[in-house]
Amino acid sequence: MTYDDFRASLSLDAPPSDLPATLAALWHLDKDDWHAAHEIVQAIESRDSAWVHAHLHRVEGDLWNADYWYRRAGRTRPETSLEDERAAMIAALLQAA
């Protein structure tokens, strides 16, 4: 799947069934369903899920919690916009899939 394919899938009612869980979480976030996204990443133990979890708390405005999850992901909170961070995350996670 390409980044453009991911963006186009947002017109669907559900994420594509072959989408990895971290990307499914970001799909739900892009569909304005923060809670569904959070539920997905809470159930996964990986650096990538911690990265997505951090982003979710950054979106929420809970920077203390976001920073905790960035540390778990081996990252620091970026200085970029939420939209730019999310686009970079999607691209990186798609490449790793």
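Here, every reference points to the structure presented above.
Every value quoted in this text rests on a predicted model; they were computed, and no experiment measured them.

Peer 1: Got a sec to walk through the packing of aromatic side chains? Specific residues and values, please.
Peer 2: Scanning all chains against the criterion turns up one aromatic pair. Residues Tyr-68 and Trp-69 carry aromatic rings whose centres are separated by 5.1 Å and whose planes lie at 85 degrees to one another, so their mutual orientation is edge-to-face. Relative accessible area serves as the criterion here: at 30%, Tyr-68 is assigned to the partly exposed category.

Peer 1: Outline the nonpolar core, supporting the account with residue identities and numerical values.
Peer 2: Residues Phe-6, Leu-23, Leu-26, Val-52 and Leu-56 are the most contacted members of the largest nonpolar core, which totals 25 residues. Elements supplying a minimum of two residues to this core: helix 2 (21-30), helix 3 (34-42), helix 4 (47-60), helix 5 (63-72) and helix 6 (82-96). The biggest single contributor to this core is helix 2, with six residues. Those residues in contact with Leu-56 that sit more than four places away from it in its chain are Leu-29, Trp-34, Ala-37, His-38 and Val-41.

Basis of the calculations
- Residues numbered from 1 in each chain as written.
- Predicted model: local features only at pLDDT ≥ 70, side-chain atom pairs only at ≥ 80, totals over all residues.
- Heavy atoms only, no water.
- Phe/Tyr/Trp six-rings, centres within 6.5 Å; stacked < 30°, edge-to-face > 60°.
- Buried < 20%, exposed > 50% of the residue type's maximum accessible area, 1.4 Å probe, protein only.
- Core = buried A, V, L, I, M, F, W, Y, C linked by side-chain atoms within 4.5 Å.
- Helix = DSSP H or I, 4+ residues; strand = E, 2+ residues; numbered from the N terminus.
- Contact = heavy atoms within 4.5 Å.

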